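# Architecture at a glance
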Amino acid sequence: MAEEKRRRGLRAGLRRAAGRLSGRRPAIPEGPFALEFEGHAPIPVPGGTTILAGAAAAGVDLDHYCGGMASCGTCKVSVVTGVENLMDADGREQMVLGSQSAASGLRLACQARVVGPVTIRIPRWF
Ligand code: FES
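Figured I'd write up the structure that's included with this text.

How each quantity is defined
- Residues numbered from 1 in each chain as written.
- Predicted model: local features only at pLDDT ≥ 70, side-chain atom pairs only at ≥ 80, totals over all residues.
- Helix = DSSP H or I, 4+ residues; strand = E, 2+ residues; numbered from the N terminus.
- Expected span 1.5 Å × (residues − 1).
- Bend = angle between axes of the 7 residues up to and from the residue.
- Buried ≥ 20, exposed ≤ 12 C-beta atoms within 10 Å, placed from the backbone.
- Contact = placed C-beta atoms within 7 Å.
- Pairing = 2+ DSSP bridges.
- Axes fitted to C-alpha atoms, helices over the stretch in contact; angles between N-to-C directions.
- Arc of directions from axis to C-beta.

Now for helix 3 (residues 91-103). The terminal C-alpha atoms of helix 3 lie 14 Å apart, and with 13 residues this falls more than 12% below the ideal 18 Å at 1.5 Å per residue. At Leu-97, helix 3 is bent by approximately 85°, the largest bend along its length.

This is the structure:
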């Protein structure tokens, strides 16, 4: 199960990379897709919606001190399911997350865009 999930994620990444190499931006699926925050009912969101925007639409409280500029890191979330259904982290997100956080499955809610069903856990840091 985990291996298949990893393979699907790799295939999706390869398709996106192929699109970048060909000079085309990968098309963002329209959706709507189910975005769920643990403890809350899933909501439908259009493809390309950031997790942060989805949290606001769902009425879920999520810190975002820099206003979504990918500079503070306070919007870090953990992806429970559907990691393959998020667009790849760009260089700015990777820099703010750091390699350790990225490797442990954290994403910046203000940067990660939904392209399929996803379940999110909001870490409690304090
Ligand atoms: S809101 Fe500051 S990094 Fe996402």
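This part is about the environment of Thr-81. In this fold, Thr-81 is placed in strand 3 (residues 76-81). Judged by the 13 C-beta atoms lying within 10 Å of it, Thr-81 is partly exposed. Taking the C-alpha atoms as reference points, Thr-81 and Ile-120, separated by 39 residues in sequence, lie 7.2 Å from one another. Other than its neighbours up to four places away in sequence, Thr-81 contacts Val-118 and Thr-119.

Burial analysis of strand 1 (residues 33-37) places four of its five residues in the buried class, which makes it a mostly covered element. As judged from the three bridges shared by strand 1 and strand 2 (residues 43-45), these two strands associate in the antiparallel manner. Bridge pairing in strand 2 places Ala-34 opposite Pro-44. Between strand 1 and strand 2, which pair antiparallel and follow one another directly, the connecting turn spans five residues, one of which, Gly-39, has a positive phi of 90°. One ladder, built from three bridges, connects strand 1 with strand 5 (residues 118-121); its direction is parallel. Looking across to strand 5, one finds that Glu-36 is bridged to Thr-119.

Spatially, 2-1-5-3-4 is the arrangement adopted by the five strands of the open sheet, whose pairing is mixed. Both edges of this open sheet fall to strand 2 and strand 4 (106-108), since each of them pairs with a single strand only. Neighbouring strand axes in the sheet, compared pairwise and without regard to direction, differ in orientation by 40° on average. Bridge count for strand 3 against strand 5 is three bridges, and the pairing is antiparallel. Counterpart to Thr-81 in the pairing with strand 5 is Thr-119.

Moving on, we get to helix 2 (residues 51-58). Burial in helix 2 covers these residues: Ile-51, Leu-52, Gly-54 and Ala-55. Mapping the buried residues of helix 2 onto a view down its axis gives an arc of 160°, with all of them on the same face. Lining the buried residues of helix 2 we find strand 1, strand 2, strand 3 and strand 5. Downstream of helix 2 by one or two residues, Gly-59 has phi in the positive range, about 75°.

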